[in-house]
Amino acid sequence: MAEKKSANDDTYGVLLYYKYTKIPDLDDLFTTYNSNCKSLSLLGRVRLAPHGVNVTIGGKLSSLNEHIAFMSKDQLFEGTDFKLAACSEPINDKIAEECGFTTLSIRIVEELVTFSSHPLLKPPEISNAGQHLSAIEFHSLLQNANASETSKKVVLLDARNLYETRIGKFHAPNVETLDPEIRQYSDLSSWLDNHSEKIRGSNILMYCTGGIRCEMASAYIKSKGPGFENVFQLYGGIQRYMEQFPDGGFFKGKNFVFDHRVSVGTSNANVVGKCLICNFPFDDYSSRSRCRHCRMLVLVCHVCKGKHLSYVCELCQKYGKLVESGLESEPKPEPDSKGSKKLRILCLHGFRQNASSFKGRTASLAKKLKHMVDFVYIDAPHQLQFIYQNKENCETNFPPNKVCNRKFAWFIDPSTDTNTSLTWETTQTPFDSLQYQKQTSGYDESLAYLKELVTKNGPIDGILGFSQGAAMAACVAAQKSSLMGEINFRFVILCSGFCVNLTENLKNLINCPSLHVYGSNHGKDTQIAFDASRRLVSSFEEGSSVVIEHDYGHIIPTRSPYIDTIKDFLKRFL
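Along each chain, residue indices are assigned from 1 in the same order as the chain's sequence is written. Predicted model: local features are reported for residues with pLDDT of at least 70 only, side-chain atom pairs are reported and counted for 80 or more only, and whole-chain, interface and lining totals are derived from all residues. The basis for every side-chain value is the complete set of heavy atoms in the structure, and neither hydrogens nor water enter the calculation.

- Going by what an unreviewed UniProt entry lists, the protein is known as Rhodanese domain-containing protein and is assigned to Mikania micrantha.

Structure below.
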C-alpha cells in the first residue's frame, strides 16, 4: 500500500515498486510512463518487460504520490506494494549518475531481473513463487525457529550480492544464514544448483532488498521438486521489515539500496562491514571504490583509500588471485580439465573484413585459449563495396579475376558510397593510414544489430574487438550499464583499438574491465597509430585496464609473454 501523504510533500523522496503481471501492450505502457514521469519531473529507472515492471524513481514527495495515485487506477497494478521513503536530494553527482538519478531511463527489456547468465533447463514460473510473509510473520518465524526438535529446520537465504550482504544481513539465534557470496544476481541459480542439499527438506526463508529477486529465486527453488516445497519470502523485502522494526529487529547493519542513498540504517544500526585493506569497521560505499578486475563495489576506508589506488575484491582474491593487503600477486592455475567452464566471447572483426577472415586471423589465439574460451564470430552490419586499386604501369587495370567474400564494417565514412552491388569498383585513392579517423557513422545501426544478435544467440561473457571492431567494442563498453538486459557482458578485449568521435558515448571514463593489446611506438603498426590506441586506454577508468604493448604491428600476438597476460586477464572471469 502507498504511504499516507506527507505533511511536507515538497521534500524529496524515493519510490520503489515492482509488479509481475502480463503486460498487454508494452509500447502503450512505455508511453504512459514517459508522459507521467516527465510531467511530474521524476528521474530514475523504469524497466518494462512482457511479464511486469520494475521501478526506482525519485522526486518531490507530492509528485511521487501523484504518480502512485495515477498508476493505481490501472488494474495492472492492483495489489502493488509502493514503497515510498522521504530522503535528502542527491548531492553526490557521481553516485546520482551511477545510480541513474540524473536522468529518466525507461527501457523495454526481456527480463526485469536477470536470474541466470545461461539458459536454464527449468526456467522458473513466477506463479510458483514462495509464499509471501509480512514483516511481522517473518520476524515471528525467526523468533520461534527450531524451538522444537520435531519442527522442520529453518534456514535463512540471502538472495543479494556479496557487496550488499557485507554491510548488513539477518542474524537470528539458532538459525543458519546462507550467504551465497555472489557478484551478481545472475550467479544465484548456479549457487542454488551447487548447494541444493543445504536447503533440501528445510523451511527456507528468503529475503532481499525489496522483494523482486526473491520472487524469481523462490520459484526456481520450488521447481526443484520434492524437498523444496516449503519456501517463504519476506514481502516488501528488508525495507518493509525495517519500517516495522525501526531498531532493526533481527536485521543487523544497513540495507544497501540501488539509488543515491547508497544504504539505509536503523535507529540501532551497528557497523558490520570491514575495510578490505585494514579490516577496520567500515560500511560506507559512497566513494564507489571498485575491484580492479571485476569492478564489484568494495569497502575501503578513507585512510586506506589515500594509500592505495587499486583494489582486489574478496571473490577475485578467493577464486582469481592470491593477494596481500588487497593488491594483486600470484594467479591461480589455468583451468585445463575438459569439464571446466568456458568463457563465451563475441568477436568483432576490423574494417573491410568478415567473420570468416577474422576467424582465420585468430586461429592461433583460439587454439591457445581452447580450454578457456569459445569464440563467437559475426559479420558487421554495414556491407562495403568491392574495390581495387588502379595502379599505374600495369599491363591491365581490370579488377581481380577471382571470387571474393563480402567485406563489412562497424563504422563507415559519412560520405561513403552506399553501393553494395557485387560488381567491382575502381578507386584512384591510395591507401590512407588515417582513414579510420573518417569512419564515424553507422554506430546506431551496429548497436541495434548487436542487441538483436545477442538476444537471438544467447548470453556472452565478453567482447573481443580488433581495430575498428575494438572501437565498436569500446563504444559498447561505454554504455555497459544502460545496456544491461540487452547486451550483458563482463569485460572487453581491445586489440589495435582507437576512439571513435562519438561524444554521447565517450564523454565519461568507461567503467568496464578491459585488456588493451596494441603495437608499441616502434611496433610498425601501419594501420592504427600507437597514440590512438594509447588514447583509447585513457578513456577507461584508472585501475580497470590491463595493457599489452608489443612489437609485431597490426596483429594479436600469441607468443609468450603476451599470451600469458591474456590468459591471466581471462582467468579472473572463470
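Okay, back to it.
### Some thoughts on the packing of helix 14 (residues 443–457) against helix 15 (residues 468–478)
In step 1: For helices, the fitted axis covers only the stretch in contact; all axes are lines through C-alpha atoms, and the angles between them, taken along N-to-C directions, range from 0 to 180 degrees. A run of DSSP states H or I qualifies as a helix once it reaches four residues; a run of E qualifies as a strand once it reaches two. Both are numbered from the N-terminal end. Taken N-terminus to C-terminus, the directions of helix 14 and helix 15 make an angle of 75°; their axes are 11 Å apart at the nearest point. Relative to helix 15, the element helix 14 lies roughly perpendicular. The segment helix 14 lies against helix 15, with Tyr-443, Ser-446, Leu-447 and Leu-450 engaging Met-472, Cys-475 and Val-476.
In step 2: As a working rule, the residues Ala, Val, Leu, Ile, Met, Phe, Trp, Tyr, Cys and Pro are called nonpolar, Asp, Glu, Lys and Arg charged, and the rest polar, with Gly in that last group. A breakdown of the residues in the contact of helix 14 with helix 15 according to their chemical character gives 6 nonpolar, 1 polar and no charged. Oblique is the label for every angle not falling under 35 degrees (roughly parallel), over 145 degrees (roughly antiparallel), or within 65 to 115 degrees (roughly perpendicular). Whether two residues are in contact is decided by their heavy atoms, any of which lying within 4.5 Å being enough.

### A word on the packing of helix 1 (residues 26–39) against helix 2 (residues 61–72)
In step 1: Direction vectors running N to C along helix 1 and helix 2 enclose 155°, while the axes themselves pass 10 Å from each other. Comparing the axis directions of helix 1 and helix 2 gives the class roughly antiparallel. Every pair of crossing elements has a handedness; the one defined by helix 1 and helix 2 is right-handed. Across from Thr-32, Tyr-33, Asn-36 and Cys-37 in helix 1, the residues of helix 2 making contact are His-67, Phe-70 and Met-71.
In step 2: Looking at side-chain class alone, the contact of helix 1 with helix 2 contains 4 nonpolar, 3 polar and no charged residues. What makes a crossing left-handed is the near helix being turned counterclockwise from the far one by less than a right angle; a clockwise turn instead makes it right-handed.

### Focus on the pattern of salt bridges
In step 1: One side-chain nitrogen of Lys or Arg within 4 Å of one carboxyl oxygen of Asp or Glu is enough to make a salt bridge. Overall, the coordinates contain 23 salt bridges when judged by the stated rule.
In step 2: Between Glu-314 and Arg-166 there is a salt bridge, with the nearest N and O atoms lying 3.0 Å from each other. With Glu-314 in helix 11 (residues 314–320) and Arg-166 in the loop between helix 5 (162–165) and strand 8 (168–170), this pair connects stretches of sequence that are 148 residues apart.
In step 3: Relative accessibility thresholds used throughout: buried, under 20% of the residue-type maximum; exposed, over 50%; partly exposed, between the two (1.4 Å probe, protein chains only). Looking at Glu-314, the relative accessible area reads 35%, which means it is partly exposed.
In step 4: Beyond isolated ion pairs, a larger network of salt bridges with shared partners links Arg-166, Lys-169, Asp-179, Glu-181 and Glu-314.

### What about the sheet that holds strand 4 (residues 83–86)?
Sheet strands associate in pairs through backbone hydrogen bonding, adopting either a parallel or an antiparallel arrangement.
In step 1: Whether two strands pair depends on DSSP finding at least two bridges between them. Spatially, 5 strands are ordered 4-1-3-2-5 in an open sheet, and the strand pairing comes out mixed. A strand with exactly one partner marks an edge of an open sheet, and here the two such strands are strand 4 and strand 5 (104–108). Put simply, the sheet's adjacent strands are angled 10° from each other on average, direction ignored.
In step 2: Note: strand 1 (residues 12–20) against strand 3 (residues 52–60), 9 bridges, orientation antiparallel. The residue of strand 3 that forms the bridge with Val-14 is Gly-58.

### Section: the nonpolar core
In step 1: Residues grouped as a nonpolar core are buried Ala, Val, Leu, Ile, Met, Phe, Trp, Tyr and Cys residues, joined through side-chain atoms within 4.5 Å. Counting residues in hydrophobic clusters, the biggest one holds 35 residues, and the most contacted among them are Leu-348, Leu-450, Met-472 and Val-476.
In step 2: When residues of this core are traced back to their parent elements, those giving at least two are strand 17 (343–348), helix 14, helix 15, strand 24 (491–495) and helix 17 (530–538).
In step 3: The greatest single-element share of this core, amounting to 8 residues, is contributed by helix 15.
In step 4: Non-local contacts of Leu-348, meaning those with residues more than four positions away in its chain, are made with Phe-358, Ile-378, Trp-410, Leu-450, Ile-463, Leu-464, Gly-465, Phe-466, Gly-469, Met-472 and Ala-473.
In step 5: Counting residues in hydrophobic clusters, the runner-up holds 32 residues, among them Leu-16, Ala-96, Leu-162 and Ile-277.

### Let's talk about the packing of aromatic side chains
Centre distance and the angle of the planes are the two values used to describe a pair of aromatic rings.
In step 1: Here the aromatic set is Phe, Tyr and Trp, taking the six-membered ring for Trp, and pairing holds for ring centres within 6.5 Å; pairs whose planes are under 30 degrees apart are stacked, those over 60 apart are edge-to-face, and all others are tilted. Tallied over the entire structure, the rule returns 25 aromatic pairs.
In step 2: Each member of the aromatic cluster is reached from another via a ring pair, and the members are Phe-138, Phe-170, Tyr-207, Tyr-241, Phe-245 and Phe-251.
In step 3: Charges are assigned to positions over rings by a cutoff of 6 Å between ring centre and Lys NZ or Arg CZ, combined with an angular limit of 35 degrees from the ring normal. The lysine or arginine in question, Lys-480, covers the ring of Phe-489, its NZ or CZ lying 5.6 Å from the ring centre.

### Description of the sheet that holds strand 25 (residues 514–519)
In step 1: On the basis of which strands lie adjacent, the open sheet formed by 6 strands has the order 18-17-23-24-25-26 and parallel pairing. Lying at the two open borders of the sheet, with one neighbouring strand each, are strand 18 (373–378) and strand 26 (545–550). Between one strand axis and the next, the sheet turns by 20° as a mean value, whatever way the strands run.
In step 2: Relative to strand 24, strand 23 (residues 462–466) runs parallel, the two being bridged by 5 bridges. Paired with Gly-462 across the two strands is Phe-491, which belongs to strand 24.
In step 3: This element, helix 15, spans strand 17, strand 23 and strand 24 of the sheet and lies at about 145° to strand 23.
In step 4: Each of strand 24, strand 25 and strand 26 is contacted by helix 17, which is oriented at about 170° to strand 25, the strand it contacts most.

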